[in-house]
Amino acid sequence: MPDDIMAIERTRLSLVNGSRNMSLMLDKLRSIDANEMSNIRNIVKNIDVESGAIENEKALRLIEEIRDVDVFNW
């Protein structure tokens, strides 16, 4: 029983931390003005992932994840 309580508490804390992180990211996105958003969109859109210049798989996944986000209206 105590193990179950500890697992539930750890899960609850993880959810609270995740919620706080998401709130912080949302606040940052809201603070970006239209020019900054346009610059970010152009930078990400112009990254050539097909050329093979980027070999880091984690970086490629991150670029793909950013491109999949609806906030940028691709």
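So, here's what we can say about the structure. Numbers given for residues are sequential positions, taken from 1 along each chain in its written order. Under the rules for a predicted model, residues below a pLDDT of 70 receive no local features and side-chain atom pairs below 80 are neither given nor counted, while totals for whole chains, interfaces and linings still include all residues. Only heavy atoms go into the side-chain values, all of them from the structure, while hydrogens and water stay out.

Turning next to the overall build of the protein. The helix count covers DSSP runs of H or I at least four residues long, the strand count covers runs of E at least two residues long, and both are numbered beginning at the N terminus. Looking only at helices and strands, the protein has three helices and zero strands in total. In sequence order, the secondary structure elements of the protein are arranged as α-α-α. Taken over C-alpha atoms, the radius of gyration is set against a globule rule of 2.2 Å times the number of residues to the power 0.38. Expected size for 74 residues packed as a compact globule is a radius of gyration near 11 Å; at 18 Å, the protein overshoots this value by more than 25%. When the backbone C-alpha atoms are referred to their principal axes, the protein occupies close to 55 × 30 × 15 Å.

Here a salt bridge means any side-chain nitrogen of Lys or Arg lying within 4 Å of a carboxyl oxygen belonging to Asp or Glu. Per the counting criterion, the structure on display carries one salt bridge. Residue Arg 12 pairs with Glu 9 through a salt bridge whose shortest N-O separation is 2.7 Å. Taken together, the residues span about one helical turn, with Arg 12 and Glu 9 both in helix H1 (residues 2-31) at a distance of three residues. Judged by its relative accessible area of 42%, Arg 12 is partly exposed. Residue classification places Glu 9 among the partly exposed residues on the basis of a relative accessible area of 33%. Buried, partly exposed and exposed residues are distinguished by accessible area as a fraction of the type maximum, computed with a 1.4 Å probe on protein chains only: under 20%, between the cut-offs, and over 50%, respectively.

If you check helix H3 (residues 57-68), its first and last C-alpha atoms are 16 Å apart, about what twelve residues at 1.5 Å a residue would give, namely 16 Å. Distance and chemistry together define a polar contact, namely a pair of N or O atoms within 3.5 Å, with one atom able to donate a hydrogen and the other to accept it when in protein, and with adjacent residues in sequence counting only for side-chain atoms on both sides. If you check the start of H3, you find a side-chain oxygen 2.8 Å away from the backbone N of Lys 58, and it comes from Asn 56. What a helix is expected to span follows from its residue count: subtract one and scale by 1.5 Å.

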